Amino acid sequence: MNNGLNKIAPKTLDLQQIFTWLVADGTVLRDDAKDFYAQAQSIFRNATIAIHPLSAVAQCKRLTAQTPPRALTLEWLTEWMARKVGLSFYRIDPLKIDFAKVADVMSATYAARFNILPVALTATELVIATAEPFRTEWEPEIAKITRRSIKLVIANPVDISQYITQFFTLARSIKSAHKSGGQELSLRNNFEQLVELGKANKHVDANDRHIVNIVDWLWQYAFEQRASDIHMEPKRDFSAIRFRIDGVLHQVYQVPAIVMIAMTARIKLLGRMDVIEKRRPQDGRIKTLTADGQEVELRLSTLPTAFGEKLVMRIFDPEVVVKTLPELGFPAEDAMRWDALTKRPHGIILVTGPTGSGKTTTLYTTLKALATSEVNVCTVEDPIEMVEPAFNQMQINQSIDLTFSDGVRALMRQDPDIIMVGEIRDLATAEMAIQAALTGHLVLSTLHTNDAPSAIMRLLELGVPYYLLESTMIGIMAQRLVRTLCLHCKSADGTITDEVWQNLVKNLPIPKPQFVYQPVGCPECRQTGYRGRTGLYELLTITASFSKMIQAETNIQALRQQSIADGMKPLRVAGAFKIIEGVTTAEEVFKVTSALT
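Think of each chain on its own: its residues are numbered from 1, step by step along the sequence as written. In view of the model being predicted, local features appear only for residues whose pLDDT reaches at least 70, and side-chain atom pairs are presented and counted only at 80 or more, with totals across whole chains, interfaces and linings using the full set of residues. Only hydrogens and water are set aside; all other atoms, that is, all heavy atoms of the structure, feed into the side-chain values.

Going by what an unreviewed UniProt entry lists, the protein chain is known as General secretion pathway protein E and is assigned to Glaciimonas immobilis. Reading the Sequence similarities (unreviewed entry) entry of the UniProt record for the protein chain gives the comment "Belongs to the GSP E family." UniProt positions are given in the numbering used here, feature names are shortened, and annotations may be inferred rather than shown by experiment.

(A) Spotlight on the UniProt feature "domain: Bacterial type II secretion system protein E" (unreviewed entry) in the protein chain. Within this numbering scheme, the UniProt entry marks residues 412–426 as carrying the feature "domain: Bacterial type II secretion system protein E" (unreviewed entry). Elements are defined by DSSP. Helices are runs of H or I of four residues or more, strands are runs of E of two residues or more, and each kind is numbered from the N terminus. Split by type, residues 412–426 is 0% helix and 27% strand. Its first and last C-alpha atoms lie 19 Å apart.

(B) Examining the domain arrangement of the protein chain more closely. Reported domain spans reflect what an automatic or database domain assignment gives. Segmenting the protein chain into domains produces domain 1 (15–85), domain 2 (94–176), domain 3 (189–316) and domain 4 (325–481 + 533–569). The C-alpha-based centres of domain 2 and domain 4 are spaced at 54 Å.

(C) Representation of the packing of helix H10 (residues 209–224) against helix H11 (residues 257–270). Running from N to C, H10 and H11 point in directions that differ by 75°, and their axes come no closer than 10 Å. On the basis of their axis angle, the class for H10 and H11 is roughly perpendicular. Where H10 approaches H11, its residues Ile-211, Val-212, Ile-214, Val-215, Leu-218 and Trp-219 are matched on the opposing element by Val-259, Ala-262, Met-263, Arg-266, Ile-267 and Leu-270. Three residue categories are used. Nonpolar comprises Ala, Val, Leu, Ile, Met, Phe, Trp, Tyr, Cys and Pro, charged comprises Asp, Glu, Lys and Arg, and polar comprises the others, including Gly. Along the lines of polarity and charge, the residues of the contact of H10 with H11 split into eleven nonpolar, no polar and one charged. Angles run from 0 to 180 degrees between N-to-C directions of axes, and those axes are lines fitted to C-alpha atoms, restricted for helices to the stretch in contact. Orientation is classified from the angle alone, with under 35 degrees giving roughly parallel, over 145 giving roughly antiparallel, 65 to 115 giving roughly perpendicular, and any other angle giving oblique. In this description, contact between two residues means that some pair of their heavy atoms is separated by no more than 4.5 Å.

(D) Inspection of the sheet that holds strand E11 (residues 347–352) at higher detail. Pairing within the open sheet is mixed, and its seven strands lie in the order E13-E12-E14-E15-E11-E16-E19. Looking at strand neighbours, the two that pair on one side only are strand E13 (392–395) and strand E19 (530–541), the edges of this open sheet. Here the average twist between neighbouring strands, direction ignored, is 20°. For two strands to be treated as a pair, DSSP must find no fewer than two bridges joining them. In terms of strand pairing, E11 meets strand E15 (residues 442–447) through six bridges, oriented parallel. The residue of E15 that forms the bridge with Thr-352 is Leu-447. Sheet contacts for helix H13 (residues 332–342): E11, E15, strand E16 (473–485) and E19; angle to E19, the most-contacted strand, approximately 55°. Sheet strands touched by helix H16 (residues 427–438): E11, strand E14 (418–421) and E15. Its angle to E11, the strand with the most contacts, is close to 135°.

(E) Representation of the pattern of salt bridges. The working definition used for a salt bridge is a side-chain nitrogen of Lys or Arg within 4 Å of a carboxyl oxygen of Asp or Glu. By the definition in use, this model includes 24 salt bridges. Of the charged contacts, one joins Glu-137 and Arg-135 as a salt bridge, the two residues approaching to 3.1 Å between their closest N and O atoms. In the salt-bridge network here, residues are joined through shared partners; they are Arg-285, Lys-287, Glu-295 and Glu-297.

(F) Layout of the packing of helix H19 (residues 498–505) against helix H22 (residues 571–580). Orientation of H19 relative to H22, taken along the N-to-C sense of each, is 130°, at an axis distance of 7 Å. In terms of axis orientation, H19 runs oblique to H22. Where H19 abuts H22, its residues Trp-501, Asn-503, Leu-504 and Val-505 lie against Arg-572, Val-573, Ala-576, Ile-579 and Ile-580. Broken down by class, the residue content of the contact of H19 with H22 amounts to seven nonpolar, one polar and one charged.

(G) Spatial organisation of the packing of aromatic side chains. Two aromatic rings from Phe, Tyr or Trp, using only the six-membered ring of Trp, form a pair when their centres are within 6.5 Å; if the ring planes differ by under 30 degrees the pair is stacked, by over 60 it is edge-to-face, and anything between is tilted. Enumeration over the complete set of coordinates arrives at 14 aromatic pairs. Where Tyr-221 meets Phe-243, the ring centres are 5.6 Å apart and the plane angle is 70°; that geometry is what we call edge-to-face. One end of the pair, Tyr-221, is in helix H10; the other, Phe-243, is in strand E6 (residues 238–245), and 22 residues separate them in sequence. Buried residues are those whose accessible area, probed at 1.4 Å on protein chains only, stays under 20% of the maximum for their type, while exposed residues exceed 50% and partly exposed ones sit between those limits. Take Tyr-221: its relative accessible area is 2%, and that puts it in the buried class. Here Phe-243 falls in the buried class, since its relative accessible area comes to 0%. Within the aromatic cluster, the residues linked to one another by ring pairs are Trp-21, Trp-76, Trp-80 and Phe-134. Between the NZ or CZ atom of Arg-483 and the centre of the ring of Tyr-530, over which it lies, the distance is 4.2 Å. Here, a charge over a ring is recorded when the distance from Lys NZ or Arg CZ to the ring centre is within 6 Å and its angle to the ring normal is within 35 degrees.

(H) Structural context of the sheet that holds strand E1 (residues 88–89). Taken in spatial order, the four strands line up as E1-E4-E3-E2 in an open sheet, and their pairing is mixed. The open sheet has two edge strands with one neighbour each: E1 and strand E2 (116–121). Two elements, E1 and strand E4 (residues 149–154), share two bridges in a ladder whose sense is parallel. Directly across from Phe-89, in E4, lies its bridge partner Ile-154.

(I) View of the nonpolar core. In this structure, Ile-230, Phe-243 and Met-313 are the most contacted members of the largest nonpolar core, which totals 94 residues. For our purposes a nonpolar core is just a set of buried Ala, Val, Leu, Ile, Met, Phe, Trp, Tyr and Cys residues, chained together by side-chain atoms within 4.5 Å. Within the second largest apolar cluster, 52 residues are counted, among which are Cys-378, Ala-452, Ile-496 and Met-568.

See the structure below:
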C-alpha cells in the first residue's frame, strides 16, 4: 500500500473507516456525516444478506458535497476507495477473463471466504480483485501455490460476489462434462474423427446436468451482454464461443471440443432439430426467458464444417417490434413519409440492404403498427424471424417445393389486405408480388441491393417488365445500422475535414459542423466508445417524374439524380445528419456505406 493506510485501518473495511475518509476528503460535510452514517449503519445491519459497507453507503443514494455534485454510486465509491488505498481500480469484464484458467488458482470456497476473485494469470503474475484491501492473509499462500507474484486490484464488491458464483460454477460444469465424456479427445485430423467418436460412445449426454448448466449460462450471459448473435465454432483443438455485440464479434470463451458437441446437441434438441443429422445445415428456433422474465426468441442455424457442426443463434427481442420509427433512428420527416407510404391501399414497398442491416426489424415494426383488427396481415418468410400473434405467418419449405411464389399464391386466396414477402429472390416471386399489388393488396418485401434506386435495376435484371414496375412500385427504402456513441463518455472536441464532409454530403448544401463528437471509451461501453446501434435510412418515394424514368434501358445514375431531386436523402447524407446530432462518427458511416459510390 502506497500511503500506509493499512497500518492504522482495521483488518476488515468498516463504515467508520469509510466515513473517516469521506469527511477528510470533503466528499461528505462534517455536519451531514452523523445522519448519513446512521442511515448507512441501519442499512448495513438490517440487510437480509450480508453486504459490503460500500454497498450500504451507496444504498443511501446521497450526493457528494463537492461541486458539481456526483451521485455516490457503488461504482464511484469503489473507484474512490481504490485511490484511497493506493491500488488500481479494476472493472470486471467477463468477456476478457478466461475464467476456467483463473478458476484453477483456488477453490470457490476459498475465493468466497476472503471475497477475492482471480481475474488474470500470466507466466509471472496473478491479478486478484478484492473489495477488502486490508485482508491479505491469504496472499503468501496463493503466491507460494501458484509460484507467481500477486497483484492486488480493487473491484466492485457486488461484481466480485456475482462472478465468484458464476465463474467457478461454470468452470466446474465444463470440467465435469469433459470428464464424463471419457479421455481427452482431439479433432486434430479432420471431420471424419467425429464418426469414430460416435462409434466409441465417447460422448457427453446432451441432458447431462453440467451441459444444461453451461447452456443456460451461455444464454443468460448473452442476454446480459446485449448480444445479437451467439457463434459456437468447432476448431482444431478447442471450440470457440463468440458474441456479436453492436455488430462486432467478441471472443467469449473456449471449451473442449467434446463439450461443444454436447452443447450443440442440447440446443438442437431444444430447437426440435434432428440431433443425429450432422451432415446437412438445419434451422430451428427456441423461445426462452431472460433473468428478469422477459421473453426472447432464438433462431438457430447449423452448418457442417471441417471440425464439426457450427451453430449460430440469432437473438430476437420481441420488445423491438413495439418500438416507434423514431426509436429505430428514423428522422421525423422520413417517418411521416414512410407512414404515408404504408397506409396506401395497394402497391409494392421494398426495404433493401445487406444481411444484418435491420430490414426485418423495420418490416416487423411497420406491420405491427398496421395490424389492426380491421385488416388481415399475412406473411411468407424463410424462416419466420419472430412469431407475432398479430400476423398470419407462413414459412416456406423447399423440401416440399413450397417457395415464396407458391406462398404468395396461397395467401392471395386468404383474403389478405397486407402481404409481407420475406425476400424477393427470383422472377417467380417478383411476378407474384406484382400480381398481388395489381389486384389491390399492399405488398412489403426485402431485396439485397446497395441503395434504393438500385432495386429498380435489380428487378429489371430478374426479368420483371418495366411497365409493371412503373404501375406497382410506390416506395423503396435502403438502410444500414451504425454504432452509436456512448452517452456516458463521448467527447465533443473532434473535428472533420472539408474533404471528408463533402464525401458525405455529395455537394448538397448542408453546413459542416464546427465540432463533432468522438468516441472515448468507458466501463459502460467496454472501452469501445460505442454502445448500441441506430439506423441510417434512404427513403425513395416513387413520384410521377421518377416513374416515367423506369424504362427497359434505365440509367441508374439518372434514377439516383431524380430520386434526390424528389427529396430522397442518400445514406451518407443520412449519416451526416447523425454526425451533426452527435449520434455517431464519420468513420462508422463510411464503414457501413463503403460499397456505395
